[in-house]
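# Summary of structural features
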Amino acid sequence: NVSSLTSVWIDHDRPIRRPLDDSVVQVVAGRQSTVRLARGLTPALLDLPPHLLKHQILAVGGHQKVAIAICNGSQAVLGPHCGDMETTASRRRFAEHIQDWLTLYRFTPQAIAHDLHDDYFTSRWAQQHAASSNVPTVVVQHHHAHIVSGMLESGWLQEDVLGFAWDGTGMGSDGSLWGGEAMLASSTDFRRIASLRPFPLLGGEAAIREPARVAAVMLREVQLWDQHFEHRAEWIYPLESLLNLDYQHPFTSSVGRLFDAVATLILPSKLLGDGRAGYEGHFAALMESVCDLHVEGYYELEIVASDERGGRPAYELDW
């Protein structure tokens, strides 16, 4: 009952023409780091070396934390955070936002850049829009894009770098799901020289929502799993039967999934709840929230030679 809270209620009936999220920043090691670029911080001008590009390009982002960008060859502008493309509402907002920007900047793309993953909504939109506009598309590997964005921030777009891209998952050039990559990269090309040791995602995308599946696989890989393993994850579903399924689970080299697995094994039950991740990075955030900032030790992550089967890189970080 509003009347019990206040005597005056002030509202307005003005339509929200351009909805915009709040920006989110945090301080890491004494420096401000932007988590979500939106209100007050966008549109953001991106500094490009002269003559780097010759065409007008629209870039549409990935599938989560999407933001678009446009480039006229000499300048680039990054748009605000549009969110994850999981719902019809966010997808409609994404399409309207692009049209709004093209009109506002009087911009006609001569090419559209999108993620390598064909099943992302942004990739499908880019392919359909490019076909209807008779312009080409530019396919960009997910983790190469991460590294090049870091190169842009540092003013290194014309350099060759050793870049590390550690995240959740993104489609790799070999068709597997990457997420813990070391690349020798330029702004236009890359060579994957190392990755996190790959492991199967038990049940595919279900393992992202239920990280105990990843923990079970990892325990089995290091020969610590058996059917008598006592863990609260067993209360949720029969992991042993899932492990024994004659099913080809997709493999990933994702550091994000590694964090999920470790969190599942070490966090108290009251934090994990029903064992299901409610949002991206949920369990990693829980682990960060209880970590001891005074501990200075670390774990060795051994670099080992891989067998290079199936296009795997020459070296792996052995978790």
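Shown above is the structure to which this text applies.
This write-up is about the structure you can find in this document. Quick caveat: nothing in here was measured; it's all calculated off a predicted structure.

Let's shift gears to the overall build of the protein. Scanning the protein from N- to C-terminus turns up 9 helices and 15 strands. Across its three principal axes, the protein shows a C-alpha extent of roughly 65 × 65 × 45 Å. When the 319 residues of the protein are sorted by exposure, 39% land in the buried category. Within the protein, residue pairs in contact and separated by at least 24 positions form 56% of the contacts whose partners lie at least 6 positions apart. A distance of 8 Å separates the average location of the 25 positive side-chain charges in the protein from that of its 39 negative side-chain charges.

Below, the discussion takes up the packing of helix 1 (residues 88-104) against helix 2 (residues 121-133). The angle between the axes and the distance between the axes are what describe a pair of packed helices. The geometry of helix 1 relative to helix 2 is characterised by a closest axis approach of 11 Å and an angle of 45° between their N-to-C directions. With respect to helix 2, the element helix 1 is oriented oblique. As helix 1 runs across helix 2, the sense of the crossing is right-handed. Across from Arg-91, Phe-94, Ala-95 and Ile-98 in helix 1, the residues of helix 2 making contact are Phe-121, Thr-122, Arg-124 and Trp-125. Here the contact of helix 1 with helix 2 is built from residues that sort into 5 nonpolar, 1 polar and 2 charged.

With that settled, the discussion passes to the pairing of strand 11 (residues 190-196). Where strand 10 (residues 177-185) lies against strand 11, 5 bridges are found, and the strand directions are antiparallel. The residue bridging Ala-182 from the neighbouring strand is Ala-194, located in strand 11. A loop of 4 residues connects strand 10 with strand 11, the two strands running antiparallel in sequence. With 3 bridges joining them, strand 11 and strand 15 (residues 315-318) adopt parallel strand pairing.

What follows concerns helix 1. Compared with the 24 Å implied by 1.5 Å per residue over 17 residues, the 24 Å span of helix 1 between its first and last C-alpha is a close match. Of all the positions in helix 1, only Ser-90, Phe-94, His-97, Ile-98, Trp-101 and Leu-102 are classed as buried. Considered in projection along helix 1, the buried side chains sweep an arc of 130° and stay on one side of the axis. Among the exposed residues of helix 1, those oriented more than 90 degrees off its buried face are Thr-88, Ala-89, Glu-96, Thr-103 and Leu-104. Residues of helix 1 that are buried in the fold lie against strand 4 (57-59), strand 5 (69-71), strand 6 (76-78) and helix 2. Residue Arg-106 follows helix 1 closely and has a positive phi angle near 50°.

Now for the environment of Leu-46. Note on placement: Leu-46 falls in strand 3 (residues 44-46). Residue class for Leu-46 comes out partly exposed when judged on its relative accessible area of 22%. For the pair Leu-46 and Val-77, spaced 31 residues apart in sequence, the C-alpha to C-alpha distance is 5.8 Å. Aside from chain neighbours lying at most four places away, what touches Leu-46 is Ala-76, Leu-78 and Leu-152.

Reading guide: rules and limits
Residues numbered from 1 in each chain as written. Predicted model: local features only at pLDDT ≥ 70, side-chain atom pairs only at ≥ 80, totals over all residues. Heavy atoms only, no water. Helix = DSSP H or I, 4+ residues; strand = E, 2+ residues; numbered from the N terminus. Buried < 20%, exposed > 50% of the residue type's maximum accessible area, 1.4 Å probe, protein only. Contact = heavy atoms within 4.5 Å. Lys, Arg positive; Asp, Glu negative; His and termini not counted. Charge placed at Lys NZ, Arg CZ, Asp CG, Glu CD. Axes fitted to C-alpha atoms, helices over the stretch in contact; angles between N-to-C directions. Parallel < 35°, antiparallel > 145°, perpendicular 65-115°, else oblique. Left-handed = near helix turned anticlockwise from the far one by under 90°. Nonpolar A, V, L, I, M, F, W, Y, C, P; charged D, E, K, R; others polar. Pairing = 2+ DSSP bridges. Expected span 1.5 Å × (residues − 1). Arc of directions from axis to C-beta.

What is shown is where atoms sit, not what they do.
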